[in-house]
Amino acid sequence: RDNIYKSALESFGEKKHTDKDWFQAHAETLIPTLEAKRSAMLALKDDPNEQNKAKYKATRNRAQKVARQCANEYYCALSDSIQKASDIGNTRKMI
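I will try to describe carefully the structure that is included in this document. Worth saying up front: this structure is predicted, and the values here are computed from it rather than measured.

### Concerning the environment of asparagine 72
Mapped onto the elements, asparagine 72 comes out in helix α4 (residues 50–88). Under the relative-accessibility criterion, asparagine 72 is labelled partly exposed at 47%. Taking the C-alpha atoms as reference points, asparagine 72 and tryptophan 22, separated by 50 residues in sequence, lie 8.6 Å from one another.

### Let's talk about α4
For α4, with 39 residues, the first-to-last C-alpha span of 57 Å sits near the 57 Å given by 1.5 Å per residue. All of the buried residues in α4 are Asn52, Tyr56, Thr59, Ala63, Val66, Cys70, Ala71, Tyr74 and Ala85. Where α4 starts, the residue carrying a side-chain oxygen 3.2 Å from the main-chain nitrogen of glutamine 51 turns out to be asparagine 49. Phi turns positive, to about 85°, at glycine 89, one or two residues after α4.

Calculation notes
Residues numbered from 1 in each chain as written. Predicted model: local features only at pLDDT ≥ 70, side-chain atom pairs only at ≥ 80, totals over all residues. Heavy atoms only, no water. Helix = DSSP H or I, 4+ residues; strand = E, 2+ residues; numbered from the N terminus. Buried < 20%, exposed > 50% of the residue type's maximum accessible area, 1.4 Å probe, protein only. Expected span 1.5 Å × (residues − 1). Polar contact = N/O pair within 3.5 Å; in protein donor to acceptor, adjacent residues only side chain to side chain.

Here it is, written out as structure tokens:
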């Protein structure tokens, strides 16, 4: 069994996943927003006062809003591409 696996691995190699998810597709937008949220959280933990609490709450809400927008854009574009592939009968693009 191990010999069959090794020979198949040598012959075909490992499959490399090239599929992106919504986070990777919008990382340039999401990462700075999440870093701002993280720094606000650290400031709140260092000095728990009302000003830091309000700043953290605002950055948390902004991060959640941006994440939802990015996910929505990604899935809308994905569904549009699947619909276009279905319309022209290209089943390989639908998967």
